[in-house]
Protein chains: 2
Amino acid sequence: MADQFGQKKMVDAITPMEEDFAKWYTDIVKKAELMDYSGVRGCMVIEPYGFAIWENIQKILDARLKELGHENVSMPLFIPESLLQKEKDHVEGFAPEVAWVTHGGEEELQERLCVRPTSETLFCDHYARVVHSYRDLPKLYNQWCSVVRWEKTTRPFLRSVEFHWQEGHTIHETAEEAKAETEQMLKVYAEFCEHDLAIPVIRGRKTEKEQFAGALATYTIEAMMHDGKALQSGTSHYFGDGFARAFDITFQGRDNTLCYPHQTSWGMSTRIIGGIIMSHGDNNGLVLPPAVAPIQVIILPIAQHKPGVLDKARELQERLKKAFRVRVDDSDQSPGWKFAQYEMKGVPLRLEIGPKDIEKNQCVLVRRHDREKIFVSLDKLEEAVAEQLEAVRQGIYARAKARRDEMTYCAEDAAQLKEIADNKPGLVKAMWCGELACEDAIKEQMGLTSRCIPFEQEAVGDTCVCCGKPAKTMVFWGKAY
Amino acid sequence: MADQFGQKKMVDAITPMEEDFAKWYTDIVKKAELMDYSGVRGCMVIEPYGFAIWENIQKILDARLKELGHENVSMPLFIPESLLQKEKDHVEGFAPEVAWVTHGGEEELQERLCVRPTSETLFCDHYARVVHSYRDLPKLYNQWCSVVRWEKTTRPFLRSVEFHWQEGHTIHETAEEAKAETEQMLKVYAEFCEHDLAIPVIRGRKTEKEQFAGALATYTIEAMMHDGKALQSGTSHYFGDGFARAFDITFQGRDNTLCYPHQTSWGMSTRIIGGIIMSHGDNNGLVLPPAVAPIQVIILPIAQHKPGVLDKARELQERLKKAFRVRVDDSDQSPGWKFAQYEMKGVPLRLEIGPKDIEKNQCVLVRRHDREKIFVSLDKLEEAVAEQLEAVRQGIYARAKARRDEMTYCAEDAAQLKEIADNKPGLVKAMWCGELACEDAIKEQMGLTSRCIPFEQEAVGDTCVCCGKPAKTMVFWGKAY
């Protein structure tokens with residue numbers, strides 16, 4: 001893979017996705033240098049190129065959260081066992097998969113501490129101390145951190161023992177406000193995915209079975225990957241006053257009575273990087289949405305030893321860097337090696353400039369996702385780059401959406417559903433009676449879980465796809481990461 | 001402290017620092033709403049106002065690190081016990097104060113994992129996998145994260161079980177490069193403290209006794225707090241090839257031989273927020289350096305019910321927010337309450353605007369640190385605010401430096417040193433022979449530790465302040481946080 005000087009790493013081809021999708025995925029995360037495995041099972045090293053994608057995601061989302069009035073805080077890494085246990089549904093959901101700290105230095109702790117799997121209990125503990133009056137509400141808090149869930153089977157970005165995320169936790173005077181916040185945040189996630197990441201998503205509500213531990217309602221955005229599997233890409237939970245009651249959070253209301261506040265939480269994690277890879281990547285490597293690409297334009301000087309070429313390349317870099325993330329690769333690798341390298345890394349635009357281009361006062365832009373070549377006058381370079389980055393965004397969105405539409409099916413009865421489940425990767429729209437028994441049966445017999453009850457309902461039938469009784473809602477069913 | 005509606009919180013006076021310095025400090029962190037204690041001993045909740053200071057610190061430092069070619073990464077939260085033990089001095093230094101994870105979910109782990117107290121071992125483990133050739137060097141990595149040290153006695157920001165920091169870890173082809181990096185990073189920290197935080201610092205090297213576990217040299221910047229105690233505010237370590245040998249990191253050199261690389265690490269933490277409080281704060285609360293203040297200008301409308309006042313206040317906010325972090329407080333609290341509130345929060349400039357000011361096309365700027373009032377024409381508001389923020393920065397720096405100079409003493413022999421140690425809070429310059437025995441004796445008999453061997457040496461004598469033998473260097477001695 002690499003010669004003794006490490007020069008050629010990452011230019012070998014990756015496993016085609018048609019041959020082995022899982023291998024294709026892990027080839028990309030390694031060869032695009034997104035991550036490295038560590039000595040701790042399920043915990044990864046996120047390397048600079050991978051972390052830069054996360055930093056770009058953070059920058060965009062954080063600004064959006066702050067615009068909406070949210071404030072960042074930091075909660076402790078540890079949760080005492082007794083605190084985790086305060087809300088019954090919540091502890092049932094999380095206790096089986098937490099890491100326990102039992103010793104501090106040489107001493108055994110009197111009470112075990114778990115490494116936070118999520119921080120509802122910590123926020124509640126704090127809110128109980130600082131919320132006294134309706135004047136203290138709402139509190140719109142968020143934190144960027146990593147959390148730990150002791151997963152048995154792990155995959156880089158998609159499911160790891162430790163992962164990075166943001167977790168928003170808000171507390172409100174009324175149920176209406178809390179519900180509106182829950183919905184608003186789902187919308188923020190959906191728009192971020194569709195606009196900035198160019199990943200089409202389905203917005204909907206989770207069934208009770210798939211709800212977050214302790215929530216009254218969980219909303220989700222679901223994306224479809226290349227292999228037809230769904231990826232839950234962001235969730236937003238409405239808790240009502242359940243946590244407030246469990247943690248004894250009360251406030252003096254406007255009418256002087258003692259009230260329980262209403263809460264929400266919502267999160268998006270590094271798993272979305274897995275979503276980017278599996279939504280846009282191809283057999284040449286990553287394809288990155290321009291908004292989060294660490295390098296948006298890679299400038300490759302052609303025949304760079306010829307006089308003036310390198311100078312011109314650097315001049316263009318200076319011009320472009322005012323508005324774009326841009327680099328010049330003036331290493332002595334061959335142009336072919338460089339093409340392959342930056343395709344692997346998913347850089348949205350390649351800019352080629354050689355002696356003949358300079359003569360003609362032009363350069364060539366090549367789009368990563370469709371290899372379209374555009375000849376551009378250097379006089380209008382900035383406009384052309386902005387235009388082409390937007391074309392990439394729209395192009396990869398359209399491609400992902402077309403694939404999703406193509407791989408979305410309808411089933412009217414159990415036989416049809418089974419036929420699709422067995423033979424056609426993708427999502428299935430089918431009616432549901434609302435009973436857990438049917439949801440369980442579909443999972444057991446066909447290996448499909450309910451992905452969500454979409455906000456945009458369609459009448460694909462009148463009866464439950466499983467039991468044949470009158471249906472209540474349409475559900476998206478599928479296999480999921 | 002707070003009435004039933006939580007309205008009056010934070011306006012009561014705090015304990016004067018002359019009366020009880022420790023109480024003054026904790027009063028400020030609570031009343032300025034920087035943090036809240038959590039249910040886990042030594043772990044704090046950093047509240048929005050406190051975290052916003054940290055975010056501003058991050059923004060400035062992170063940009064500076066990136067300018068110098070550093071890249072952010074993320075290492076795992078956990079270190080397997082066997083990995084921690086690979087470098088002998090390092091494990092001796094840290095093993096007694098780590099938190100141990102022994103169970104994942106319901107199962108006992110085969111090998112204990114510690115929650116990282118610092119990440120040298122994790123970076124080395126990664127470098128061993130990815131460094132093969134001199135072409136792979138240098139790697140200039142940094143991570144922003146929290147780490148855990150099982151401290152017995154904790155104080156908010158100054159010494160907590162969990163704290164946030166950045167830890168840089170670099171690996172180089174030659175010892176010279178690594179040494180230059182170590183020195184460069186100390187300079188970055190020193191300039192950041194002196195320029196952005198307005199905290200004067202002494203730059204120097206730690207004695208062997210006070211060195212970081214596993215380092216060949218530790219450089220430090222030391223600041224002096226209000227009470228004369230020193231605060232180690234940033235450190236930079238040179239490791240030579242010690243870690244590389246312990247972790248078997250080798251590379252093919254330019255001459256084709258197998259070589260060991262040379263490493264550094266360096267860090268600055270949330271403890272610097274404690275340093276800001278104790279460098280600049282006064283008996284009215286926090287005094288924040290403009291560069292990191294979450295609010296740089298608070299606009300207080302006077303007689304805000306009078307027509308036009310609120311509109312004018314908002315108009316000024318719109319103008320100022322293009323260049324400054326600015327807010328209007330249009331709540332119905334009294335002006336006196338508001339004055340006290342934003343003094344407690346350390347907002348560098350208060351802008352007062354009332355009906356008479358509007359008539360005269362002016363406003364009043366009041367500087368937090370010296371309460372100087374400046375009448376400013378609204379036509380030149382932006383320039384005046386920029387000017388006054390710079391005046392605040394210079395003013396608080398000069399004040400802190402004057403105090404430090406005043407509280408810095410010279411001792412020529414043990415009797416003098418003891419007299420100062422017992423009666424005069426502050427730092428002491430005194431000569432040292434270089435022997436550990438003298439350093440230990442000074443600590444034991446006078447309660448002073450060596451803070452650093454300053455780069456700027458002065459000849460304050462010829463003989464060791466302790467044993468009277470010929471001296472090698474001048475050392476700053478003091479009590480420290």
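A brief look at the structure comes next. (Residues numbered from 1 in each chain as written. Chains lettered and ligands numbered in written order. Predicted model: local features only at pLDDT ≥ 70, side-chain atom pairs only at ≥ 80, totals over all residues. Heavy atoms only, no water.)

Here we look at the packing of aromatic side chains
Residues and elements named next belong to chain A. For clarity, the threshold we go by: Stacked, tilted and edge-to-face pairs are distinguished by plane angle, under 30 degrees for stacked and over 60 for edge-to-face with tilted covering the rest, among Phe, Tyr and Trp rings (Trp via its six-membered ring) whose centres lie within 6.5 Å. In this description a helix means any DSSP run of H or I spanning at least four residues, a strand means any run of E spanning at least two, and both kinds are numbered starting from the N terminus. Three labels apply to residues, based on accessible area from a 1.4 Å probe with only protein chains included: buried if under 20% of the type maximum, exposed if over 50%, partly exposed otherwise in between.
What the rule picks out here adds up to 24 aromatic pairs over all chains. Relative to Phe212, the ring of Phe94 lies with its centre 5.5 Å away and its plane at 55°, an arrangement referred to as tilted. You can see Phe94 sitting in helix H4 (residues 88-94) and its partner Phe212 sitting in the loop between strand S9 (202-205) and strand S10 (217-224), a full 118 residues away along the chain. Take Phe94 and Phe212: they sit in the same class, and that class is buried. Taking the centre distance of 5.6 Å and the plane angle of 90° together, the rings of Phe163 and Trp165 count as edge-to-face. Of the two residues, Phe163 and Trp165, both sit in the buried class.

A short note on the relation of the copies chain A and chain B
The condition is simple: Least-squares superposition of the copies uses the C-alpha atoms of those residues scoring a pLDDT of at least 70 in each of them. By the convention used here, residues are in contact when the closest approach between their heavy atoms is within 4.5 Å.
Note on the copies: chain A fits chain B at an RMSD of 0.0 Å, the axial shift is 0.0 Å, and the rotation between them is 180°. A rotation of that kind, with that shift, is consistent with a two-fold axis. Relative to the rotation axis, the C-alpha of Val101(A) is the closest in chain A, positioned 2.1 Å from it. Residue by residue, 100% of the interface of chain A is reproduced at the interface of chain B, so both copies engage with the same surface.

Brief notes about the interface of chain A and chain B
Under the convention used in this document: Simply put, the buried area is the total loss of 1.4 Å probe accessible area from both parts when two parts are fitted together. Here a polar contact means two N or O atoms within 3.5 Å. Within protein one must be a hydrogen donor candidate and the other an acceptor candidate, and residues neighboring in sequence count only if both atoms are side-chain atoms. The residue classification treats Ala, Val, Leu, Ile, Met, Phe, Trp, Tyr, Cys and Pro as nonpolar and Asp, Glu, Lys and Arg as charged. All others, Gly included, are polar. We call two strands paired when DSSP finds no fewer than two bridges between them.
Between chain A and chain B, the residue contacts involve 62 residues of the former and 62 residues of the latter. With both sides pooled, the region where chain A packs onto chain B buries about 5000 Å², and carbon together with sulfur makes up 55% of that total. Here chain A is connected to chain B by 25 residue pairs in polar contact (both at pLDDT 80 or more). It is strand S5 (residues 99-104) of chain A that contributes the most residues to the side of chain A that touches chain B, 6 residues altogether. Per-class residue counts for the side of chain A that touches chain B are 29 nonpolar, 17 polar and 16 charged. Bridging between S5(A) and strand S5 (residues 99-104) of chain B involves 5 bridges; their strand directions are antiparallel.

Considering the sheet that holds strand S11 (residues 230-240) of chain A
All names here are of chain A. This is how the line gets drawn: Orientation is described by axes fitted as lines to C-alpha atoms, over the contacting stretch for helices, and by angles from 0 to 180 degrees between their N-to-C directions.
Taken in spatial order, the 11 strands line up as S3-S7-S8-S14-S11-S10-S9-S22-S23-S21-S20 in an open sheet, and their pairing is mixed. At either margin of the open sheet sits one strand with a lone partner, and together these are strand S3 (71-72) and strand S20 (408-410). Pairing between strand S21 (residues 427-432) and strand S23 (residues 473-478): 5 bridges, direction antiparallel. Paired with Val428 across the two strands is Trp477, which belongs to S23. The strands touched by helix H8 (residues 271-280) are S10, S11 and strand S14 (262-269); relative to S11, the strand with the most contacts, the crossing angle is about 145°.

Brief notes about the nonpolar core
This is how the line gets drawn: Only buried Ala, Val, Leu, Ile, Met, Phe, Trp, Tyr and Cys residues count toward a nonpolar core, and they belong to the same one when joined by side-chain atoms within 4.5 Å.
Trp24(A), Leu34(A), Ile57(A), Phe157(A) and Ile277(A) are the most contacted members of the largest nonpolar core, which totals 59 residues. Examining the composition of this core, we find that 9 residues originate from one element, helix H6 (residues 175-196) of chain A, more than from any other. Filtering out sequence-adjacent residues up to four positions away, Ile277(A) remains in contact with Trp24(A), Tyr25(A), Ile28(A), Val29(A), Leu34(A) and Leu286(A). If you look at the next biggest cluster of nonpolar residues, it comprises 58 residues, including Val188(B), Ala217(B), Leu288(B) and Tyr481(B).

Let's talk about the state of the cysteines
Where two cysteines share a covalent bond between their sulfur atoms, that bond is called a disulfide. Rules: Note on terminology: pairs of cysteine sulfur atoms within 2.5 Å are recorded as disulfides.
This model, assessed by the stated rule, comprises 0 disulfides over all chains. Of all cysteine sulfurs, the one in Cys467(A) lies closest to Cys464(A), which takes part in no disulfide; the gap is 3.7 Å. The thiol sulfur of Cys452(B) is not disulfide-bonded, and the nearest other cysteine sulfur, from Cys193(B), lies at 13 Å. A relative accessible area of 1% means that Cys452(B) is categorised as buried.

Quick word on the packing of helix H2 (residues 48-67) of chain B against helix H6 (residues 175-196) of chain B
Residues and elements named next belong to chain B. The test is simple: A crossing counts as left-handed when the near helix is turned anticlockwise from the far one by less than a right angle, and as right-handed when that turn is clockwise.
Two elements in contact, H2 and H6, have axes separated by 11 Å at closest approach and are oriented at 140°. Taken as a pair, H2 and H6 cross one another with a handedness that is right-handed. Contact with H2, carried on its side by Ile57, Ile60, Leu61, Arg64 and Leu65, involves Met185, Val188, Tyr189, Phe192 and Asp196 of H6 and no other residues of that element. Counted by class, the contact of H2 with H6 contains 8 nonpolar, no polar and 2 charged residues.

A short note on the pairing of strand S22 (residues 449-454) of chain B
All names here are of chain B. Summarising burial for S22: 6 of the 6 residues are buried, a large majority. Here strand S9 (residues 202-205) runs beside S22; their pairing, made up of 2 bridges, is antiparallel. Within the sheet, the bridge partner assigned to Gly204 lies in S22 and is Pro454. Note: S22 against strand S23 (residues 473-478), 3 bridges, orientation antiparallel. Each bridged residue has a counterpart across the sheet, and for Thr449 the counterpart in S23 is Gly478.

A short note on the sheet that holds strand S20 (residues 408-410) of chain B
All names here are of chain B. Spatially, the 11 strands line up as an open sheet ordered S3-S7-S8-S14-S11-S10-S9-S22-S23-S21-S20, and their pairing is mixed. Among the strands making up the open sheet, the edge pair consists of strand S3 (71-72) and S20. Of the strands in this sheet, S9, strand S10 (217-224) and S20 touch helix H12 (residues 381-406), which is tilted by about 25° from S20.

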